[in-house]
Amino acid sequence: MPVMAYDLTDRIAFVTGAASGIGRASAVLLAEAGATVHCADRDEVGLRETVSAIARAGGAAHPHPLDVSDRGSVEAAVEAAASDSGRLDILAAVAGIMHSSPVLETRDEDLDRVLAVNFKGVLYACQAVARSMIATGTAGSIVTMASGAVDTGGPGLLCYGVTKAAVFQLTKTLATEVGPHGIRVNAVAPGWIRTPMTERHNNSEAQAHTAALMSRMSPLGRVGAPEEIAHAVLHLASDAAAFTTGQILRPNGGVAMPW
Ligand code: NAP
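Figured I'd write up the structure that's included with this text.

Rules of the game
Residues numbered from 1 in each chain as written. Predicted model: local features only at pLDDT ≥ 70, side-chain atom pairs only at ≥ 80, totals over all residues. Heavy atoms only, no water. Near = heavy atom within 4 Å. Polar contact = N/O pair within 3.5 Å; in protein donor to acceptor, adjacent residues only side chain to side chain. Areas by Shrake-Rupley, 256 points an atom, 1.4 Å probe, with all protein chains shown as cover. Core = buried A, V, L, I, M, F, W, Y, C linked by side-chain atoms within 4.5 Å. Buried < 20%, exposed > 50% of the residue type's maximum accessible area, 1.4 Å probe, protein only. Helix = DSSP H or I, 4+ residues; strand = E, 2+ residues; numbered from the N terminus. Contact = heavy atoms within 4.5 Å. Salt bridge = Lys/Arg side-chain N within 4 Å of Asp/Glu carboxyl O.

All right, on to the site of the ligand then. Surrounding the ligand, one finds 29 residues, the nearest of these being S20, R42, Y160, I193 and T195. Interatomic distance of 2.8 Å between a side-chain N/O atom of D67 and a nitrogen atom of the ligand. Note that a nitrogen atom of the ligand is positioned 2.9 Å from one of the backbone N or O atoms of V68. Alone, the ligand offers 880 Å² of accessible surface; in the complex the protein occludes 93% of this.

Further remarks concern the nonpolar core. Core analysis: the largest hydrophobic core is formed by 40 residues, its most contacted members being F14, L88, L91 and I142. Elements with a minimum of two residues in this core: β1 (12-16), α3 (71-85), β4 (90-93), α4 (108-136), α6 (158-178) and β6 (184-188). Sorting elements by how many residues they give to this core places α4 first, with eleven residues. Discounting chain neighbours no more than four positions away, the residues touching L91 are F14, A125, C126, V129, M133, S141, I142 and V143.

Before going further, it helps to spend a moment on the pattern of salt bridges. Overall, the coordinates contain nine salt bridges when judged by the stated rule. As a salt-bridge pair, R71 and E75 come within 3.5 Å of each other at their nearest N and O atoms. Residue R71 and its partner E75 are both found in helix α3; the two are separated by four residues, about one turn of the helix. Owing to a relative accessible area of 32%, R71 belongs among the partly exposed residues under this scheme. Among the ionic contacts, a cluster of salt bridges with common partners joins R107, E109 and D110.

This is the structure in structure tokens:
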């Protein structure tokens, strides 16, 4: 019975950021657990690779190219997915971007760009999917992607951390508002995970330093893998977390505030 709680057979999921890293690992794992997965991302090549990987493994997946920072683009994709599958049971709002600049050098356009993707992008998806769940009377699960950066702070993390703190607030507030409909809303706040995003930033000396620091500060002595975060998403999306809402799950290797 405990293992059955993770079974997502007949569930319909919508996953943003599904072309890469944590979003791809989450889409693949939700499909392995039995869900039909609507995969959304702006990277159409990566999106096709994710959908093909799920299909090769015998799962069901559909691609939705979209820009999460464009409300109309998100609403159209969510509507198409819900109409195709009849309802949506799960949202994993994973798409995001990194930005690093010292506070004293941060420009308006940096803040606006990161807010548009990491906060408004998650907000638009939550709004569209929650409205769809309410309209179909679906007691679904919404999982947002925050970050351990909110807990640790760190040099250069102002814009990124502000957007992820906003995701914390969105998660807790929305959980209180849609709970009466049976809809749960939780966030995952990962520590440092090896993905294309962090690999790109590892080119800079400061980010390589951060990865090494995070490994040293973790009692486990390492950074994480996308699949380890996908399991946190699966847990919150599934009936195993039926009495969990408004929470922040922190798969971060035990890193607190290493500065
Ligand atoms: P990733 O490998 O770069 O994957 C992110 C995906 O989101 C990419 O396919 C990216 O496309 C897509 N995306 C970005 N902006 C988009 C937009 N406007 N519309 C649609 N899709 C968009 O990154 P990741 O490391 O897996 O990160 C996934 C999430 O986890 C992010 O929210 C990130 O903040 C969070 N997170 C990551 C870590 C970590 O250490 N990796 C830690 C904590 C939290 P492009 O490649 O075209 O940009």
